[in-house]
Structure formats: C-alpha cells, structure tokens
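# Notes for the structure review
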Amino acid sequence: MTSAHSKLYSDDVSLVVVIVDTNPFFWAGAALPFADFFGHLIHFVNSLLLLNHLNQVVVIAAGVSSCAYVFDSGNAAASGSPDVAATFAKASRKVEEFVKQDARDTAGNGTVAGGGAASLFSGALSLALCYIQRVFRSGTRHPQPRILCLQGSPDGPEQYVAVMNSIFSAQRSMVPIDSCIVGTQDSAFLQQASYITGGVYLKPQELSGLFQYLAAVFASDLHSRAFLRLPKTLGVDFRASCFCHKKTIDMGYVCSVCLSIFCKYHKKCSTCGFCC
C-alpha cells in the first residue's frame, strides 16, 4: 500500500485550507470591518494561486451554529485563470448566504448568542481534515496540505475535546495548523494547535495591514519555511477550560468516559451522563 506522503508533489506545491471566522457577534464590534477583512483574504487567496498554478485553496466559513465550504479553487479552475474581482464577488455572495443561514440556525436553536459567543471551529477543523484526507486518497500526486485558521471570537470551552481530537488527527497526518488571531485576545486552542502540529501562530498588531501579514508569514510553502525566520510563540497556554463554568483551570476533574473537564467533583458527568 502506498503511503499518502509518498505521493507528494515537489516541495513548493501547496493545498491551503483557510478557516474564516464569520461570527457576526464578533465582527459587530471589531476594529476592522468584515468587508475589509474579507478583501484582505481574497487578495491573499489569489496570491497563493498565483505563486504556483498547481496550488489549491479551499475556504471554510465558521459561524456560530454551522460551518460550510464557501470557496474551492479546484472548482473555480474550470472557469479559467483566477480573477480578483470575480472571485471576490462569488465568494462574497456565498459568505453572505452562509451568514444569513447561520443566523437562522442560531435563532432556531432556541438560544440567542451574546457578544462572547464562540464560532464552531471544531466542526470547521473536521471539514478541513476530511477535505485533506479526500485529496490524499484521490489521484497519484497531491500537494503539501496545511490549515490556516483566521479567528476573532473567543474559544468555546464546550468544543475542547472535539478541537483537541482534530489537532491530534492533524498531527498524525502531518498537517500543520497555522493560526492568525484577528481578535483582541489570544486563543489557547489555536496556540496548542500550532505548537503541536508545527504551524505558525501570529496575532497581528495592525489589522489594517492584514494582507501584508498573511503574505509575509503564511504564503510560504512548507519547504521554504525551513529557510525563513517566521514568528514563534513566546508562550503556549496548555491549560484546559472547565465545562461547567467555562473557566480556564490549572487543576480539575476529568470524566473517564468522554474526557469532559470540571473544576469541581461531580458524581455524574453532565456531558455524557455516566458516573465519574
């Protein structure tokens, strides 16, 4: 049986899966308007496609209640060479449709999210890894895969187990997870993701120059990174969040069945229902 990594193209061909935080509760109070942010992203996507005609880019939108594919360069390639205006218009329409549908799904769940609502990054990471595995299993050659997370909203403690499972799956598949934080606070989840998988974690100081950060740090292929001095995280927060109060804790209690974490002892796990 041929290993997936023995079928890689030569060094500079990349498959970049970009996860975009479309949480409307975050963007409503963000310093950078979502339209400007998305403009930076579109130019970054086109720059990746121009670096090598074999490069592939997939964009996944992560909302409050759902996540979905909004752009796939493999599908767009059939229409000819990439065009910035056409790509921006088509992707913008899909994002607008996704945000509206996600808002309906959030309202339909019976819970109205607040300003600190988390986006569904656990589901988006799963979609990204599934797409990469599908590429691994198709064709005789495939590019070097990596995931780029653009997150603004805070981490969701209830997604801790699912996110960690995705991180370890990416590590086993040798898929780096890069992280770019566009919010005011760091993400402990993505700090761990980038550290464990060998990706790059960055929190830009000036969001008005977001494209420059993306192009300078995240556009380089995995082979070229060995020759570059990319930003390194000074400290990684390995603490977990408790499921009961959604607080970061240094010590706690872990359910032996579902691995839910609690700051206080519970006779019965509130997540899976089994006795701890």
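Heads up: these notes are all about the structure in this document. Treat the numbers as computed from the prediction; the structure is a model and nothing was measured. (Residues numbered from 1 in each chain as written. Predicted model: local features only at pLDDT ≥ 70, side-chain atom pairs only at ≥ 80, totals over all residues. Heavy atoms only, no water.)

## Considerations on empty space enclosed by the protein
All told, the structure shown has two cavities of 30 Å³ or more when counted by the stated rule. Contributing to the lining of the largest cavity are 13 residues, with Phe121, Gln151, Asp155, Val163 and Phe189 lying nearest its centre. Of all elements in the fold, only α5 (121–136) and α7 (188–197) reach the threshold of two or more residues within the lining of the largest cavity. (1 Å grid on protein atoms, 1.4 Å probe; cavity = no way out; pocket = protein on both sides within 12 Å on 5 of 7 lines; lining within 4 Å. Points joined across faces, edges and corners; volume = space filled by probe spheres on them. Helix = DSSP H or I, 4+ residues; strand = E, 2+ residues; numbered from the N terminus.)

## Here we look at α7
Across the 10 residues of α7, eight count as buried, placing the element largely inside the fold. Taken as a whole, α7 has its buried residues at Ala188, Phe189, Leu190, Gln191, Gln192, Ala193, Ser194 and Thr197. Looking at the buried residues of α7, the elements they touch are β4 (144–151), α6 (160–172), β5 (177–181) and β6 (201–202). (Buried < 20%, exposed > 50% of the residue type's maximum accessible area, 1.4 Å probe, protein only. Contact = heavy atoms within 4.5 Å.)

## Description of unusual backbone geometry
The phi dihedral of Met174 is positive, around 60°, even though this residue is not glycine. Relative to the assigned elements, Met174 resides in the loop between α6 and β5. Residue classification places Met174 among the exposed residues on the basis of a relative accessible area of 57%.

## Some remarks on the sheet that holds β6
Spatial strand order, β3-β2-β1-β4-β5-β6: six strands in an open sheet with mixed pairing. Since the sheet does not close on itself, it has two edges, and those belong to β3 (67–72) and β6, each with one partner. Here seven bridges tie strand β1 (residues 14–21) to β4, and the two strands are oriented parallel to one another. What sits directly across from Ser14, in β4, is Gln144. (Pairing = 2+ DSSP bridges.)

## What to know about the pairing of strand β2 (residues 56–62)
Burial runs high along β2: six of the seven residues are buried. One ladder, built from seven bridges, connects β1 with β2; its direction is parallel. Directly across from Asp21, in β2, lies its bridge partner Ala62. When β2 meets β3, the two strands line up antiparallel, connected through five bridges. Bridge pairing in β3 places Val59 opposite Phe71. Counting the residues that bridge the hairpin from β2 to β3 gives four residues.

## Topic: the pattern of salt bridges
A complete count under the given rule lists two salt bridges for this structure. Residue Asp178 is joined to Arg146 by a salt bridge in which the shortest nitrogen-to-oxygen separation is 4.0 Å. Taken together, the residues Asp178 in strand β5 and Arg146 in strand β4 connect sequence positions 32 residues apart. Here Arg146 falls in the buried class, since its relative accessible area comes to 1%. For the salt bridge of Asp178 with Arg225, the shortest nitrogen-to-oxygen distance reads 2.6 Å. Linking Asp178 in strand β5 with Arg225 in the loop between α8 (210–218) and β7 (240–241), this pair joins segments that are 47 residues apart in sequence. (Salt bridge = Lys/Arg side-chain N within 4 Å of Asp/Glu carboxyl O.)

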